[in-house]
Amino acid sequence: MSTLSAKERIIYQIYPKSFKDSNGDGIGDLKGITAKLKYLKQLGINTIWLNPIYVSPQIDNGYDVADYYQIDEKLGTMADFDELVAKAHALGLDIILDFVMNHTSDQHPWFQAALKDKDSEFRNCYLWHQGKNGGPPNNWGSFFGGSVWQKDPLDSNNYYFHLFAKEMPDLNWAEPKVQVEMLKIAKFWLEHGVDGFRLDAFIHIAKADFEQDMLAKSAEPQIAEMFYANLPQVQVYLKEFIAQLHQIKPDIFILGEAASADIDLAVDYTTPKKESCDTVVTFRYFAEDKSQVESDLPQIGQPVKLDILGFRSNMLEWQKRLEGVSYPTLYWSNHDMPRILSRFAPKKESKACAKMLATLMYLQRGIACIYYGEELGMRSQTLGTVADFEDPQIVDFAKQAKQKGWRDGEILRKASQAHKMAARLPLPFDTTAYAGFSNVQPWKWSKEKNVASIAEQMSDPDSVLNFYRQILQLKQKPVFIEGRFILENTSSELYVYRRVIDEHKQVLVICNLSEHEKSYPCGAFTKVLLSQNAKVSAAQAKLAPYGSLILQK
Ligand code: NOJ
């Protein structure tokens, strides 16, 4: 039984296909993860979140689940999974699984039955609606482009609903069978020893009335979050579900993916404790600076910089409003967005930025969640072809950019800085041909030079990896777990905060977000806990570009 409380969790997110290949097929797998558990232990994390590992046609890299009770054969077997859990637990590492509850794959037996027979008992497990004026029921758009509606092969004026790919039909949570089955799946994995779940896309499990169009001038399908995200009924389903999970396993850890949740919803989704998520991941921290975006091209292929001013105020709001409520998730990157260094750091300053950003983010109040490779300072890497993105929206972007005169290289470079796929490349273990990830060409690969490998960074005291280890050691100290958070009122080039238990037990964290030298009066905080490109003299902290400093009195 896990003894970790939510506030002590330090999570490492593994994208299984890209972590470590053990059987020479170019695809990362469970045995690969098991082989590297000691590396993760030494890093200082205590919880591993695995992106989906279930049987899947891989239309959306595993988020299209065809069988929730089996491991995808490309990733291993159930015996491999049991071994991974046992060995992780022996090292004091918990395992949480991605739990895909909004949709299944179209290859799932329920959908196959529903598709072939209108009277199937599984028909009502999905969402169907009659078309309107010879077209789909409404103008709502899918997150993956086009309409949320796809024709029912049994009836040309009938449609099924899919918020993501058309091969990922949404489940109907109003149908009791769906709720019962989801609980059964969760119970199955809890019996296999998992310590919790990351609830995928749970904010979408309730939808509004399908008769209602989005108001729009254009005839194109419209993203319609007000009708399919964060509806009040989501909370009813969620609380019932989590309350039941707690009955099965009282100390289960739940991380909810709530991409568009604002702070009020985050409070709702994390209280009361027994029937809520322990923490939610919001995408709202990351305010975007779209000044470089060309308005006549689709945004999906264009890099968007982090807007520091917006980030500061969003982060502050989440820090303060969740005090006494729950712990925010602290993260910079995940598999759905470009890696943070590609959004923020000039290439030549990558190393300093990686260290400074780790200092800034993870010592705040909350649950650290590190995306694999981030501990090495990985950036998004440039993909070699448009097809590598596996996204029709990028094909469209490339076509339009080309018409505007962009060169192929520029299209690939820009799209790689903007798109999630370029953030999902293999982890480099050493300097051999495929970086020790595999001995054959990996499933996704870039010719662009990756960051220094784990082997190289292990033996370099100044490496990003060794810096992450020090940060995560500090993170385990009471002041960084319990301390109140106070953000100092500085210029936006600095991010300075205190973590405070009382007058005597407090720390000061100073980060320079700019390319200029900066100084900051640090008063009685003179004892250096950790520094990079920074020093203290005469009660002044002096920071080189992107330097950072952690001080105590
Ligand atoms: C959120 C996941 O993080 C993303 O990768 C996926 O495409 C959607 N949910 C659909 O499951």
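Rules behind the numbers
Residues numbered from 1 in each chain as written. Predicted model: local features only at pLDDT ≥ 70, side-chain atom pairs only at ≥ 80, totals over all residues. Heavy atoms only, no water. Helix = DSSP H or I, 4+ residues; strand = E, 2+ residues; numbered from the N terminus. Pairing = 2+ DSSP bridges. Axes fitted to C-alpha atoms, helices over the stretch in contact; angles between N-to-C directions. Buried < 20%, exposed > 50% of the residue type's maximum accessible area, 1.4 Å probe, protein only. Arc of directions from axis to C-beta. Contact = heavy atoms within 4.5 Å. Near = heavy atom within 4 Å. Polar contact = N/O pair within 3.5 Å; in protein donor to acceptor, adjacent residues only side chain to side chain. Areas by Shrake-Rupley, 256 points an atom, 1.4 Å probe, with all protein chains shown as cover. Nonpolar A, V, L, I, M, F, W, Y, C, P; charged D, E, K, R; others polar. Salt bridge = Lys/Arg side-chain N within 4 Å of Asp/Glu carboxyl O.

Attention now moves to unusual backbone geometry. Peptide bonds are trans in most cases, and residues, glycine excluded, mostly fall at negative phi. The step from Thr271 to Pro272 runs through a cis peptide bond, and the omega angle for that step is -15°. Take Pro272: it is sitting in the loop between helix H8 (263-269) and strand E13 (279-281). One non-glycine residue with positive phi stands out, namely Glu390, at about 50°. Mapped onto the elements of the fold, Glu390 is located in the loop between strand E17 (367-371) and helix H12 (392-403). Its identity is not glycine, yet Tyr546 carries a phi of approximately 60°, on the positive side.

On to the pairing of strand E8 (residues 149-152). Pairing analysis gives four bridges linking E8 to strand E9 (residues 155-161), with the strands arranged antiparallel. Bridged to Asp152 within E9 is Asp155. Counted along the chain from E8 to the antiparallel partner E9, the turn is two residues long.

Here the focus is the sheet that holds E8. Sheet architecture is open: three strands sit in the order E6-E9-E8, paired in antiparallel fashion. Both outer strands of the open sheet, strand E6 (128-130) and E8, are each paired with one neighbouring strand and no more. Looking at each pair of strands side by side, their axes are set apart by 40° on average, direction ignored.

Those residues of helix H13 (residues 408-418) lying buried are Ile411, Leu412, Ala415, Ser416 and Ala418. For H13, the angular spread of buried residues about the axis comes to 160°, placing them on one side. Looking at the buried residues of H13, the elements they touch are H12.

The next point concerns the site of the ligand. Looking at the ligand, the residues that line it are Asp60, Tyr63, His103, Phe144, Phe164, Met168, Arg198, Asp200, Glu257, His335, Asp336 and Arg424. Note that an oxygen atom of the ligand is positioned 2.5 Å from one of the side-chain N or O atoms of Asp60. One of the side-chain nitrogen or oxygen atoms of His335 is found 2.8 Å away from an oxygen atom of the ligand. Against a free-state accessible area of 300 Å², the protein chains account for coverage of 96% of the ligand. Split by residue class, the shell around the ligand holds four nonpolar, two polar and six charged.

If you check which residues of helix H4 (residues 109-116) are buried, you get Trp110, Phe111, Ala114 and Leu115. The buried residues of H4 all sit within an arc of 130° when viewed along its axis, so they share a single face. Away from its buried face, by an angle of more than 90 degrees, H4 presents the exposed residues Pro109 and Lys116.

According to the stated counting rule, one finds 35 salt bridges in the structure shown. Note that Lys7 is salt-bridged to Glu482, the shortest N-O span being 2.8 Å. Within this pair, whereas Lys7 is found in the segment before strand E1 (10-14), its partner Glu482 is found in helix H16 (residues 478-482), the two being separated by 475 residues in sequence. For Lys7, a relative accessible area of 26% puts it in the partly exposed group. As a salt-bridge pair, Asp264 and Arg321 come within 2.6 Å of each other at their nearest N and O atoms.

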